[in-house]
Amino acid sequence: MNHDVEAHFKSPVEAVRHGVRNARQEGRSALLETEALRVARALGLRVPEHRTVKDSESVAYLYLDGIPGDRVVVKVLSAEILHKSDVGGVRVVRKRTAEVSAAIREMEDRFSKEPVAGYVISEFIQHEPGPSGELLLGIRWTQEFGPVATVGPGGVFAEFLAANLKPGLEVAIFSPEVRDDPRIRGVLAAKAVTPLVTDGMRGQKARISLQDLAGLARRFLDLGEATMPDELSEFEVNPLALTAAGVVALDALGRLGGERLDSPPPRPISKIESLLKPRSLAIMGVSDRMNPGRVILDNVIRSGFPRDRIRVVKPGVDSIEGCQCFEDLSSLPEPVDLLVLAIGAAQVPEVLEEVIHDRRAESVILIPGGLDERAESRPLAEGIRASLDEARKSEDQGPVLNGGNCLGIRSWPGRYDTLFIPPYKLSPKSAGIAADEAERRPLGEAREAGVSTGGAGPSPVALISQSGALALARLERLPWLDPRYVVTLGNQSDLTAADFLEYLKDDPHLRTYAFYLEGFQPLDGRRWLRLAAEIVEGGRTVLLYRAGRTGAGGMAAASHTASIAGDYRVTRELALSAGVLVAETLREFEDLLRLSVLLEGKTIDGLRLGAVSNAGFECVSMADNLGPFTLAHLGSGASRRVQAVLEGRRLGGIVGVQNPLDLTPIADDEAFEEAVRAILDDEGVDVGVVGCVPMTPALKTLGAAHGHPEDVTAEGSLARRLVRLGQECRKAWVAVVDGGRLYDPMATVLEAGGVPTFRTSDQAMRGFGRYCQWRLMSRS
């Protein structure tokens, strides 16, 4: 068969289909290089002039003068040898018949046992090897996101650079869901390799414009959309040489597709209303003793759900805790909006079949694990999925199911809590929802009214986590946070992360959507990206921590929630391109959640920082950890106000007016407040960091106790003064309380009052810097 590149195609899709047809007829799993280069040419890229021969003897009949230059590149042509330079399948020789023949004879010996289709003699393209002269452009199919395009360093150093560059700087990755030109250019501009090729180095002319590079990325996305996964699973040009005469595709490869995803029928998203705001609720699996079902019942009652709307499915008992009991599901007087199954995994398929067949519930929370975590439990999970798939074909579409292997759901609007943790194991805030406060004002409304965030009611947050323990741990570490919804997804056997995002995206009471995920269901990541981008464009926050990043982490995630832990780098880059706030660590997830909630509505007009502390080391730490910030130049008005504060406390001869401002341990509560106000009022200051090393006797920083006169909750204390300042100041700023457990009450007063509070200045600078930078980019 003739695999010469001379054939031309009107479109890259036509070139792909021609090559795929040839490959399948010959039993190959990949395109030959010549076929892949046809695709590159159809994409608008120049490819080197080249010829193909069957063997070394055929070179004698080849007209080499038709190939430009005095040197040529000789390559082995095989669908099984894709990285040819690694195994001696590439040679550069003079353009002489004898030398070309000799190079091919050497390869014939080397690859005598490999399926070789022939050899390519190609034009030698003069270019600068390395990151300033070579790029990689690719498109590949992923189960979670569908086709994703990659732009990064090319050539033989591609893998090394991608592995060793700082995370976030190595490669640009794009999805068809987020492909508008400004976003693509913005993502590309942030990568380490981009300035090397688009800005020009050492006075040299730029190799390619940012606009043209973005255009190439879009062309690859179009190719992926049109050919994946049926025809291609991967297509890559590496290296794309950046020459003085333009870009040239030196090599290309393509792997065949054909894998079809058996996507389940769409879930009836509208039924999530019955899951999150049920009018009636039934629980199955309640014991007389304290088992998960009994804890769930107690928590539902404590949350304020009316007892007369709670059904307990338990034979031989008339009532439990004032809730009527029934022998079985068929005995229920009417279908319920929500059924909570806290039963053994082996019972679930039969019970769920009855729920579906007799339409006993609109939604189900499936608590038990052991439904997809191990191979022996797969039949149970497959039975559940088969029942749900069959139900989706009916007019009713069957119930929606959350779980299994989930901790449950807590819903303020639904006035229920099925998280099966007894209240004595949680802080008072996390232990339940007061029934008479079920529709208190959201946090943002409370702040506008001057009400402390600690008592303002449900925070405008949806916390959606595959790990129930992670969700509870974050709530315990942020005692002021009371999300409107806490959803633990578990295995995502039915409802997925994107399903909840789709249902909740238009909720006017939500401002922050925080996700802890160990994996997306097939193609659910693509939907999630589209919805997340829409939410961020509307001025709200989507926060993500993606777990299962390494091989070991992926195995742990799979054993816990049976989710496929995909490529973390892909998830991170696609989420960033959608405008999502991505946390790299669990501590950062917590910090960014704190900031996104407490600084919602505060202004961030730039990155000019005003910093204040009463300790010299903390001022130095702030200056050493500026990150994206620059220290603001204080205007004359602020300088005079600060100088007056210093003179009034006899500090004028000890410290000067500067930024960061060191108030020393001598400044009292009033002086501290006055100085901070002066700094934050300055027009040259965009944001602020206020640090306090609280051991000084000049400040009231201790909780009330015997043996000392201080009370951090008293009106004149620094904490109360800063809370008042936080309510009055529209600029974003954070506090630092650098002290041990003795000063936990001060930090608690500040955060309960709406002031984001960190315990070290470097942690504050890192988290606040990340958040401010994201806010400026996402809301510009």
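Here the structure is a predicted model, which means the values were calculated and not measured. (Residues numbered from 1 in each chain as written. Predicted model: local features only at pLDDT ≥ 70, side-chain atom pairs only at ≥ 80, totals over all residues. Heavy atoms only, no water.)

A.B. asks: Any details on the overall build of the protein chain? Residues and values, ideally.
C.D. replies: Summing up its helical and strand segments, the protein chain has 24 helices and 30 strands in all. Seen along its three principal axes, the alpha-carbon backbone of the protein chain occupies a region of about 100 × 85 × 35 Å. Within the protein chain, residue pairs in contact and separated by at least 24 positions form 71% of the contacts whose partners lie at least 6 positions apart. Both charge centroids of the protein chain, one from 92 positive and one from 107 negative side chains, sit 3 Å from each other. (Helix = DSSP H or I, 4+ residues; strand = E, 2+ residues; numbered from the N terminus. Contact = heavy atoms within 4.5 Å. Lys, Arg positive; Asp, Glu negative; His and termini not counted. Charge placed at Lys NZ, Arg CZ, Asp CG, Glu CD.)

A.B. asks: So what about the packing of aromatic side chains? Which residues, and what values?
C.D. replies: Applying the stated criterion across every chain, the model contains 7 aromatic pairs. Aromatic side chains F145 and F520 sit 5.5 Å apart centroid to centroid with 65° between the ring planes, which places their arrangement in the edge-to-face category. Of this pair, F145 sits in the loop between β5 (134-142) and β6 (146-153) while F520 sits in the loop between β22 (512-517) and α15 (524-537), placing them 375 residues apart in sequence. Of the two residues examined, F145 and F520, each falls in the buried class. Taken together, the ring pairs in this structure connect F145, F515, F520 and W528 into an aromatic cluster. Above the face of the F124 ring, R71 is positioned so that its terminal group lies 4.1 Å from the ring centre. (Phe/Tyr/Trp six-rings, centres within 6.5 Å; stacked < 30°, edge-to-face > 60°. Buried < 20%, exposed > 50% of the residue type's maximum accessible area, 1.4 Å probe, protein only. Lys NZ or Arg CZ within 6 Å of the ring centre and 35° of its normal.)

A.B. asks: Quick rundown of the confidence of the model for the protein chain? Include the residues and the values.
C.D. replies: The predicted coordinates of low-pLDDT regions are not to be read in fine detail. Averaged over the protein chain, the pLDDT score is 89; the fraction of residues at 70 or greater is 90%. Low pLDDT, under 50, characterises residues 1-5; the stretch is placed with 19 contacts to residues that sit more than four places away or in other chains. Below a pLDDT of 50 lies the segment residues 552-566, which in the model reaches 41 contacts outside its immediate sequence neighbourhood of four places, other chains included. (pLDDT = per-residue confidence, 0-100.)

A.B. asks: Explain the pattern of salt bridges residue by residue, including any values.
C.D. replies: On inspection of all chains with the given rule, the structure shows 60 salt bridges. Here D298 and R294 are joined by a salt bridge, their closest N and O atoms 3.5 Å apart. Separated by 4 residues within a single helix, D298 and R294 lie in helix α9 (residues 292-302), roughly one turn from each other. Under the relative-accessibility criterion, D298 is labelled buried at 17%. When the shortest N-O distance is used, the salt bridge between R474 and E590 registers 3.3 Å. Here the residue R474 occupies a position in helix α13 (residues 468-477), and E590 occupies one in helix α18 (residues 586-598), the gap between them amounting to 116 residues. Through salt bridges that share partners, E673, R677, E715, R720, R721, R724 and E728 make up one connected network. (Salt bridge = Lys/Arg side-chain N within 4 Å of Asp/Glu carboxyl O.)

A.B. asks: A description of the nonpolar core should follow, citing residues and the corresponding values.
C.D. replies: Ranked by size, the top nonpolar core spans 64 residues in total, and within it L276, F515 and W528 carry the most contacts. Contact partners of L276, with chain neighbours within four places excluded, come to I409, S411, P413, G414, Y416, Y485, V487, F500, Y503 and L504. Core analysis: the second largest hydrophobic core is formed by 44 residues, A471, V486, A547 and F768 among them. (Core = buried A, V, L, I, M, F, W, Y, C linked by side-chain atoms within 4.5 Å.)

A.B. asks: Lay out unusual backbone geometry in plain terms, naming residues and giving numbers.
C.D. replies: In terms of backbone geometry, most residues other than glycine have negative phi values and most peptide bonds are trans. Cis rather than trans, the peptide bond between N238 and P239 has omega equal to 0°. As for its placement among the helices and strands, P239 is situated in strand β8 (residues 232-243). The peptide bond linking N659 to P660 adopts the cis configuration, its omega dihedral lying at 5°. By the secondary structure assignment, P660 is in the loop between α20 (636-648) and β27 (661-662). Residues other than glycine seldom take positive phi values, yet Q397 does so here, at roughly 70°. Relative to the elements of secondary structure, Q397 occurs in the loop between α11 (378-392) and β17 (400-403). Despite not being glycine, T664 shows a phi value in the positive range, around 65°. Tracing the backbone through its elements, the reader meets T664 in the loop between β27 and α21 (669-681). The class of T664 is buried, set by a relative accessible area of 8%.

A.B. asks: Break down helix α2 (residues 33-42) for me, with residues and values.
C.D. replies: Within α2, 8 of the 10 residues are buried, leaving the element largely enclosed by the surrounding structure. All buried positions along α2 are accounted for by E33, T34, E35, A36, L37, R38, V39 and A40. Downstream of α2 by one or two residues, G44 has phi in the positive range, about 100°.

A.B. asks: An account of the pairing of strand β2 (residues 71-77) is requested, with residue identities and associated values reported.
C.D. replies: Consecutive side chains along a regular strand alternate between the two faces of the sheet. β2 sits mainly inside the fold: 6 of its 7 residues count as buried. Where β2 meets strand β3 (residues 90-94), 5 bridges bridge the pair, whose relative direction is antiparallel. Across the sheet, the residue bridging to V72 is V93, located in β3. Of the pairings in the sheet, the one linking β2 to strand β4 (residues 118-123) comprises 6 bridges and is antiparallel in character. Within β4, the residue paired with V72 across the bridge is E123. (Pairing = 2+ DSSP bridges.)

A.B. asks: For the sheet that holds strand β13 (residues 319-320), give the residues involved together with the corresponding values.
C.D. replies: What the 7 strands build is an open sheet, ordered β13-β14-β12-β11-β15-β16-β17; its pairing is mixed. Looking along the sheet, the strands with just one partner apiece sit at the ends: β13 and β17. Bridge analysis of strand β16 (residues 361-366) against β17 gives 4 bridges, and the strand direction is parallel. Note that in β17 the partner of I365 across the bridge is N402.

A.B. asks: Quick one: what's the story with the environment of M622, residue by residue and with numbers?
C.D. replies: Looking at the element boundaries, M622 is found in helix α19 (residues 616-624). By relative accessible area, which is 1% here, M622 ends up buried. Distance from M622 to P660, taken between C-alpha atoms, is 7.5 Å for residues 38 residues apart in sequence. Not counting residues up to four positions away in its chain, the partners in contact with M622 are A611, V612, S613, P660, V689, G691, S761 and M765.

A.B. asks: Break down the pairing of strand β10 (residues 252-256) for me, citing the residues and quoting the values.
C.D. replies: Most of β10 sits out of view: 4 of its 5 residues are buried. Pairing analysis gives 5 bridges linking β8 to β10, with the strands arranged antiparallel. Bridging from a neighbouring strand, F235 pairs with G254 of β10.

A.B. asks: So what about the sheet that holds strand β21 (residues 483-488)? Which residues, and what values?
C.D. replies: Strand order in the open sheet formed by 7 strands is β19-β18-β21-β20-β22-β23-β24, with mixed pairing between adjacent strands. Looking at the sheet topology across the chains shown, the edges are occupied by β19 (416-417) and β24 (581-582). In the sheet, strand β20 (residues 459-465) pairs with β21 via 5 bridges, with the strands oriented parallel. Directly across from S465, in β21, lies its bridge partner T488. Its contacts with the sheet put α13 on β18 (409-411), β20, β21 and β22, and the angle it makes with β21 is roughly 150°. (Axes fitted to C-alpha atoms, helices over the stretch in contact; angles between N-to-C directions.)

A.B. asks: Can you lay out the packing of α19 against helix α24 (residues 761-778) for me, pointing to particular residues and giving the numbers?
C.D. replies: Running from N to C, α19 and α24 point in directions that differ by 30°, and their axes come no closer than 9 Å. One way to sum up the angle between α19 and α24 is to call them roughly parallel. Judged by the twist between their axes, the crossing of α19 over α24 is right-handed. Residues E618, S621 and M622 of α19 lie in contact with α24, whose contacting residues are S761, D762 and M765. By residue class, the composition of the contact of α19 with α24 is 2 nonpolar, 2 polar and 2 charged. (Parallel < 35°, antiparallel > 145°, perpendicular 65-115°, else oblique. Left-handed = near helix turned anticlockwise from the far one by under 90°. Nonpolar A, V, L, I, M, F, W, Y, C, P; charged D, E, K, R; others polar.)

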